[in-house]
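Structural description and commentary
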Amino acid sequence: MVVAPDKFKGSLTAAEAAEHIAAGILRTAPGTDVRTLPVADGGEGTVLAALAAGYRRVALTVSGPTGEPVEAAIAVREDTAVVEAAQASGLTLLPGGVPAPLTASSYGTGQLVARALDLGCTRIVLGLGGVACTDGGAGLVQALGATLQDAEGTDLPPGGAALSRLHHLDLGPVAGALRGVEVVIASDVDNPLLGERGAPAVYGPQKGAGPADVAELDAALAHWADAVAKATGTELREAPGAGAAGGLGFGAMALLGARMRPGIELLLDLLGFDRAVRGAGLVVTGEGCLDVQTLHGKAPAGVAAAAAGAGVPVVAVAGRLELDAPAWRGAGFAAAYELAALAGPGATAAESIARAAELAELAGEQIAQRFLL
């Protein structure tokens, strides 16, 4: 059996979820060959999933979303580095949780990429999602040596709003640093950079941007896109995924030559899912909430599709199950287990979350009873 869940946000990391589900299976069916393979879809937890699959952890201190130092890590194996934007520029890293929609920067993400380049990596997988910034990847390329200045020749301060004052863009050593390096974006976002489906309008409010902030950021990013197009001869503001992670998708594609792949598909390749599932009798996956969003490219749906391609049945474990049986069966799951239901009648959501480890083991026991005994 292969146990390959994503994180249960707020209660269990993907590795913890896999460990506890596997423990329940083994308690009920000792001797079962259970292999754990925590997964992620490119957002938070991507580096942890890579580490669990045998990648090496490289730790470093980088600039957080508002400039404070934060501890982060990348995952490295041979010539490949997995970089997770949320590790350096994540919403969860905002000091005191105070939003900074106009001034938060992706500079720290650029420092992670720079570290991967210093290590000689020639393939960089950039996981996008969960960031606090809407700066179009300006901070990312500044960390790699680009210069952004206003009309007086002063370096622009961090954040998307300052891009409205951009007068001079010098990409400096960026192209040279990326020569011979493949950058792949792991993301399922298909939004353009600007407009009603763009990064400021769709994701800005989640980062604390009010209507006036959204308008200011949209105008500033339009100016940024004009400058990038002039400097590179490439027009990518309308490209699907340009709006990912506050425009980090745009910056990576336009300035690092990145290409985009569906997050879970890319991560399953990196983690060796096809090898792990070969000869398996069952795959167990899951996440904190199995809902309509799950069906649109989130990790459990990707695992289900990959398992189906290998001819292996798959079951889901979720903290909350918000899909009805026809929906989850239609997504390819042979069964679905809800931790909230296993907590018993009258249990509150907080109680279920607090007992997540115990309940994940109970789910493992029930899976073993149904499919192994």
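Quick caveat, the model's predicted, so the values are computed rather than measured.

Reading the values: the criteria
- Residues numbered from 1 in each chain as written.
- Predicted model: local features only at pLDDT ≥ 70, side-chain atom pairs only at ≥ 80, totals over all residues.
- Heavy atoms only, no water.
- Core = buried A, V, L, I, M, F, W, Y, C linked by side-chain atoms within 4.5 Å.
- Buried < 20%, exposed > 50% of the residue type's maximum accessible area, 1.4 Å probe, protein only.
- Contact = heavy atoms within 4.5 Å.
- Salt bridge = Lys/Arg side-chain N within 4 Å of Asp/Glu carboxyl O.
- Helix = DSSP H or I, 4+ residues; strand = E, 2+ residues; numbered from the N terminus.
- Pairing = 2+ DSSP bridges.
- Axes fitted to C-alpha atoms, helices over the stretch in contact; angles between N-to-C directions.
- Patch = residues over 30% accessible without salt bridge, like charges linked within 9 Å, V, L, I, M, F, W, Y side chains within 5 Å.
- Areas by Shrake-Rupley, 256 points an atom, 1.4 Å probe, with all protein chains shown as cover.
- Expected span 1.5 Å × (residues − 1).
- Parallel < 35°, antiparallel > 145°, perpendicular 65-115°, else oblique.
- Left-handed = near helix turned anticlockwise from the far one by under 90°.

Our next topic: the nonpolar core. In this structure, Leu148, Trp224 and Leu256 are the most contacted members of the largest nonpolar core, which totals 60 residues. Look past the residues within four positions of Trp224 in its chain and what remains in contact with it is Asp135, Gly136, Gly137, Ala138, Val141, Leu148, Leu163, Leu166, Leu169, Phe250 and Leu255. Of all hydrophobic cores here, the second largest spans 27 residues; its members include Leu37, Val39, Val303 and Ala307.

Under the definition given, this model contains 14 salt bridges. Lys9 is the salt-bridge partner of Glu44, the closest N and O atoms lying 3.6 Å from each other. A residue pair is termed long-range when its members are at least 10 positions apart, and Glu44 in the loop between β2 (35–36) and α2 (46–52) and Lys9 in the loop between β1 (2–3) and α1 (14–28) qualify at 35 residues. In this structure, Glu182 and Arg123 form a salt bridge, with 3.3 Å as the shortest nitrogen-oxygen distance. Here Glu182 is found in strand β9 (residues 182–186), whereas its partner Arg123 is found in strand β6 (residues 123–127), with 59 residues between them in sequence. Linked through salt bridges whose partners overlap, the residues forming this network are Arg27, Glu361 and Glu365.

All right, on to the environment of Ala201 then. With respect to the element layout, Ala201 can be found in helix α7 (residues 199–203). Separated by 10 residues in sequence, Ala201 and Pro211 place their C-alpha atoms 8.4 Å apart. When near neighbours in sequence (up to four residues on either side) are disregarded, Ala201 contacts Gly195, Glu196 and Val214.

Below, the discussion takes up the sheet that holds β9. Across the sheet, 6 strands lie side by side as β3-β4-β5-β6-β9-β10; this open sheet has mixed pairing. Two strands in the sheet have a free side with no partner beyond their single neighbour: β3 (56–63) and β10 (259–261). Averaged over all pairs of adjacent strands, the angle between strand axes in this sheet comes to 30°, irrespective of strand direction. As judged from the 3 bridges shared by β9 and β10, these two strands associate in the parallel manner.

This brings us to a nonpolar patch on the surface. On the surface, Phe371, Leu372 and Leu373 cluster together into a nonpolar patch covering about 280 Å² of accessible area. Assignment of secondary structure puts Phe371 in helix α16 (residues 356–371). Judged by its relative accessible area of 30%, Phe371 falls in the partly exposed class.

With parallel pairing, the 5 strands of this open sheet are ordered in space as β2-β1-β11-β12-β13. The two strands at the open ends of the sheet, each matched to only one other strand, are β2 and β13 (333–338). Taken together, the 2 bridges between β1 and strand β11 (residues 283–290) define a ladder with parallel strand orientation. Of the residues in β11, the one forming a bridge with Val3 is Val284. Against the sheet, helix α12 (residues 299–309) contacts β11, β12 (314–321) and β13, and its axis sits at roughly 160° relative to β11. Along the sheet, α16 contacts β11, β12 and β13; its crossing angle with β13, the most-contacted strand, is approximately 145°.

Quick look at the side chain of His20 now. With respect to the secondary-structure elements, His20 resides in helix α1. For His20, a relative accessible area of 17% translates into the label buried.

Burial of β6 is extensive: 5 of the 5 residues sit out of reach of the surface. With 5 bridges connecting them, strand β5 (residues 80–84) and β6 associate as parallel partners. Among the inter-strand pairings, Glu84 is bridged to a residue of β6, identified as Gly127. As judged from the 5 bridges shared by β6 and β9, these two strands associate in the parallel manner. Note on β9: the bridge partner recorded for Ile124 is Val183.

Attention shifts here to α16. Helix length check: α16 (16 residues) gives 22 Å between terminal C-alpha atoms against 22 Å at 1.5 Å per residue, within 8%. The set of residues buried in α16 consists of Ala356, Leu359, Ala360, Glu361, Ala363, Gly364, Glu365, Ile367 and Ala368. Contact partners of the buried residues in α16: α1, β11, β12, β13, α14 (339–342) and α15 (349–354).

The subject of this paragraph is the packing of helix α8 (residues 211–232) against helix α9 (residues 248–256). Working note: a packed helix pair is described by the angle between its axes plus the distance between those axes. Between α8 and α9, the shortest axis-to-axis distance is 11 Å and the interhelical angle comes to 15°. It follows that α8 is roughly parallel to α9 by the angle criterion. The handedness of the crossing between α8 and α9 is left-handed. Side by side, α8 and α9 meet where Trp224, Ala225, Val228 and Thr232 of the first sit next to Phe250, Ala254 and Leu255 of the second.

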